[in-house]
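Each chain, written out:
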Amino acid sequence: MLFVVLAITAGLAMAQPASGTAERKHVLAPPPLRWDRQMLSGRPALSQTVSDFAAITGGVTFGLGPAAVNGKLPAPAPGVTWASLPAATEFQDDLRYFWVRLEGLSDLRAGTTACLGVDSYIVFLFQQRGLFRISYRLAPDATCPNVGDAAADIFGRYVSIATDIAQSAHYRAGPLEIVDISDPTAASYLVATRWRPRVE
C-alpha cells in the first residue's frame, strides 16, 4: 500500500507545470464511498438527494416535461411542448429536444467563470416520461479559443453528485467540448449514447 501511495505522489510531482507557467489544474471531487471491511464493495458515504442536483441546475431535474424545464429558464420560450419539439436523431427512439444559448444562463453554468464561447449552448433531451439528459455543448470562437477549462469546471461540478442521481460524461465532438449529464434511471443505451455533429 505504501508503494502505491509513493508512486501516486511521485506521479503528481512529475505532473506539476514548470515554474512561471499559468496552467490550470482541475481537481475532480467524486462523492466519497464507504467501503465494506474486505474493501470489495462501496456505497455512497453521503446521502444525496435530487435537491443537491437541483441546486446546480437552477431547479431543473430529470423527469420534468419540456414546458416545466422551459419554465425554469430566465427567459422561457413560448409554446414549448412535446409535440412542438424536433426529434433527436442520434437516437432510434422517439426522443425530442430543445436548446438554449448558455449566454445569460447563470444558474446553469455550474459555477464556471471560464470563458464559454458565444455559440455555446445547452440541449435538453426528453423521452416521453420527461427530461433524461442535459448536454452542454461548448464551442470555441475568436474571443474564447479554449473552452476546455469551462468544460472541465462544469464536469467537475456535476461529478460530485452521486451516480444514482446523475451520471456525467465529458468528451470532444469535432471542435466542441461536450459535457452530458444523464438520468441514471434511463435505459442504459440512452445513457451511453454520445452526440456527434452531422457531417454535411
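Refer to the preceding data block for the structure.
Residues numbered from 1 in each chain as written. Predicted model: local features only at pLDDT ≥ 70, side-chain atom pairs only at ≥ 80, totals over all residues. Heavy atoms only, no water.

Peer 1: Before we go on, may I ask you to explain the overall build of the chain in this structure?
Peer 2: Across its full length, the chain holds 5 helices and 7 strands. The secondary structure elements of the chain, listed N-terminal to C-terminal, are α-β-β-α-α-β-β-β-α-β-β-α. Looking at the chain residue by residue over its 200 residues, the buried ones come to 38%. When contacts within the chain are restricted to residue pairs at least 6 apart in sequence, those whose partners lie at least 24 apart make up 56%. Entry remark: accessible area of the chain is about 11,600 Å², with carbon and sulfur atoms responsible for 58%. (Helix = DSSP H or I, 4+ residues; strand = E, 2+ residues; numbered from the N terminus. Buried < 20%, exposed > 50% of the residue type's maximum accessible area, 1.4 Å probe, protein only. Contact = heavy atoms within 4.5 Å. Areas by Shrake-Rupley, 256 points an atom, 1.4 Å probe, with all protein chains shown as cover.)

Peer 1: Can you walk me through the environment of L176 in this structure?
Peer 2: The residue L176 is located in strand β7 (residues 176–182) in this model. According to the relative accessible area criterion, L176 is buried, its value standing at 12%. With near-sequence residues (within four places) excluded, L176 lies in contact with Y121, R137, L138, A139, Y171 and W195.

Peer 1: Just checking my understanding: could you explain the nonpolar core for this structure?
Peer 2: Generally speaking, nonpolar side chains in soluble globular proteins are found buried as a group. Core analysis: the largest hydrophobic core is formed by 37 residues, its most contacted members being F98, F124, I134, Y136, L138 and I181. For this core, the secondary-structure elements that each account for two or more residues are α2 (50–57), β3 (96–101), β4 (121–127), β5 (130–138), α4 (148–158) and β7. With 5 residues, the single largest contributor to this core is α4. Setting aside anything within four residues of it in sequence, one finds I134 in contact with F53, T57, V60, F62, I122, V123, F124, V179, D180 and I181. Listed in part, the 16 residues of the second largest apolar core include F91, L95, I178 and W195. (Core = buried A, V, L, I, M, F, W, Y, C linked by side-chain atoms within 4.5 Å.)

Peer 1: Hey, could you run me through α2 in this one?
Peer 2: Quick reminder: α-helices carry 3.6 residues per turn. Residues three or four places apart thus point the same way. Considered for burial, the residues of α2 that qualify are F53, A54, I56 and T57. Take α2 and look down its axis: the buried residues cluster within an arc of 155 degrees, on one side only. For α2, the exposed residues set more than 90 degrees away from the buried face come down to S51 and A55. Lining the buried residues of α2 we find β5, α4 and β7. (Arc of directions from axis to C-beta.)

Peer 1: I tried to follow the environment of F155 on my own but got confused; where do I start?
Peer 2: You can see F155 is positioned in helix α4. Judged by relative accessible area, which is 15%, F155 ranks as buried.

Peer 1: Quick question: what am I supposed to make of the packing of aromatic side chains here?
Peer 2: The description of an aromatic ring pair rests on the distance of the ring centres and on the angle between the ring planes. For the structure on display, the rule yields 7 aromatic pairs. Between F53 and Y158, the ring centres sit 6.0 Å apart and the planes meet at 50 degrees, which makes this aromatic pair tilted. Of this pair, F53 sits in helix α2 while Y158 is found in helix α4, placing the two residues 105 residues apart along the sequence. You'll find F53 and Y158 in the same group, each marked buried. Aromatic side chains F98 and F126 sit 5.8 Å apart centroid to centroid with 15 degrees between the ring planes, which places their arrangement in the stacked category. With F98 in strand β3 and F126 in strand β4, this residue pair connects regions lying 28 residues apart in the sequence. (Phe/Tyr/Trp six-rings, centres within 6.5 Å; stacked < 30°, edge-to-face > 60°.)

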